[in-house]
Amino acid sequence: MRAERLARDVYWKRLLIVNMAFIGRPGAKNGEWALVDTGLPYSAEAIERDAKEWLGYEGAPSCIVLTHAHFDHVGAVRELAKKWDVPVYAHERELPHITGKAAYPRPDPTVGGGGMARLSVMFPTKAIDLGERAKPLPADGSVPGLPEWRWVATPGHSDGHISLFRDADRTLIAGDAFVTVAQESLGGVLMQRSAIHGPPAYLTTDWEAARRSVAELRELRPHVALTGHGVPVVGEYDCSLLLDILTDRFDEIAVPRQSKFLNRK
């Protein structure tokens, strides 16, 4: 799909099964726009095409920001960061995964929910190495190159997972803190059946942290929310309703009946 407008100067694009975002007005000049996540491997060409031909961006972005470094969110990051010669920002706890120092835990295919969970045994978890391009997000919550935005720590799906929020219009880029499709189900993913869900269960390593993160996002009262998987949620009522439901029924909706990560200390 071609990138679609989500909010003022925010555009989202689905890359097969995962979403990413462009931030910057159409026709933005070199360094006046930014990229959030980079999808699956071999996504660079599609991202560049939309940036240039559809959004009319000129030159390189100011930076790339990662909500986290799972394989489906960093697929094109090495190629794009090298080509554009730009920094890649992530939470300090994600840096080992993008500097070649630490792999993620192996997924848990036993969480149930369908074919995607079973296929997760094949998902890569090895760290990538961006070298000096990998930078920690500032501790004050600011986002370099995006002065209107702040990052919010939303761990659980990964230790260093973050979401991005713009207070001016209450736009949320949630990454995989929660999603709007049953990501464990192959049929649900292929059909993109819309429903509120917790983070993808097969890669979520800390369910208590994930619960707290969803509750914190609810308190932001977003008017628009883009998640890492599924369709965006648009409208204050819909965002509030879905996050209220997910927060209040987190165990029922999100937490798998069994997982090797359930008893993590």
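Look a little higher up for the structure.
To keep things clear, this report deals only with the structure shown in the data block. (Residues numbered from 1 in each chain as written. Predicted model: local features only at pLDDT ≥ 70, side-chain atom pairs only at ≥ 80, totals over all residues. Heavy atoms only, no water.)

## Notes on the sheet that holds strand 10 (residues 171-175)
With respect to topology, 5 strands assemble into an open sheet ordered 8-9-10-11-12, the strand pairing being mixed. Each edge of the open sheet is held by one strand with a lone partner, namely strand 8 (149-153) and strand 12 (233-234). Pairing of strand 8 with strand 9 (residues 162-166), which is carried by 5 bridges, proceeds in the antiparallel orientation. Residue pairing in the sheet places Val-152 in a bridge with Ser-163 of strand 9. The strands touched by helix 6 (residues 207-220) are strand 8, strand 9 and strand 10; relative to strand 8, the strand with the most contacts, the crossing angle is about 150°. (Pairing = 2+ DSSP bridges. Helix = DSSP H or I, 4+ residues; strand = E, 2+ residues; numbered from the N terminus. Contact = heavy atoms within 4.5 Å. Axes fitted to C-alpha atoms, helices over the stretch in contact; angles between N-to-C directions.)

## Focus: the side chain of Ser-120
Summarising the element assignment, Ser-120 is placed in the loop between helix 4 (115-119) and strand 7 (134-136). A residue is classified by how much of its surface remains accessible, and Ser-120, at 0% relative accessible area, is buried. Within the structure, the side chain of Ser-120 is placed 2.6 Å from the backbone oxygen of Ala-117, a separation counted as a polar contact. Leaving out residues up to four positions away in the same chain, Ser-120 has contacts with Pro-107, Asp-108, Pro-109 and Tyr-202. (Buried < 20%, exposed > 50% of the residue type's maximum accessible area, 1.4 Å probe, protein only. Polar contact = N/O pair within 3.5 Å; in protein donor to acceptor, adjacent residues only side chain to side chain.)

## What to know about the sheet that holds strand 5 (residues 63-65)
An order of 1-2-3-4-5-6-7 is seen for the 7 strands of this open sheet, with the pairing classed as mixed. Because the sheet does not close on itself, it has two edges, and the strands there are strand 1 (4-7) and strand 7. Between one strand and the next, the sheet's axes are offset by a mean angle of 30°, whatever the strand orientation. On top of the sheet, helix 2 (residues 77-84) reaches strand 4 (34-36), strand 5 and strand 6 (88-90); it is set at about 160° to strand 5, its chief contact.

## Considerations on the nonpolar core
Membership of the largest hydrophobic core comes to 63 residues, with the highest contact counts inside it found for Phe-22, Leu-35, Ile-47, Ile-64, Trp-84, Ile-98 and Phe-178. At 5 residues, the largest contribution of residues to this core is made by helix 6. With residues near it in sequence (within four places) discarded, Phe-178 still touches Leu-172, Ile-196, His-197, Gly-198, Pro-199, Val-214, Leu-217, Ala-225, Thr-227, Leu-243 and Leu-246. Of all hydrophobic cores here, the second largest spans 21 residues; its members include Val-36, Val-143, Val-224 and Leu-226. (Core = buried A, V, L, I, M, F, W, Y, C linked by side-chain atoms within 4.5 Å.)

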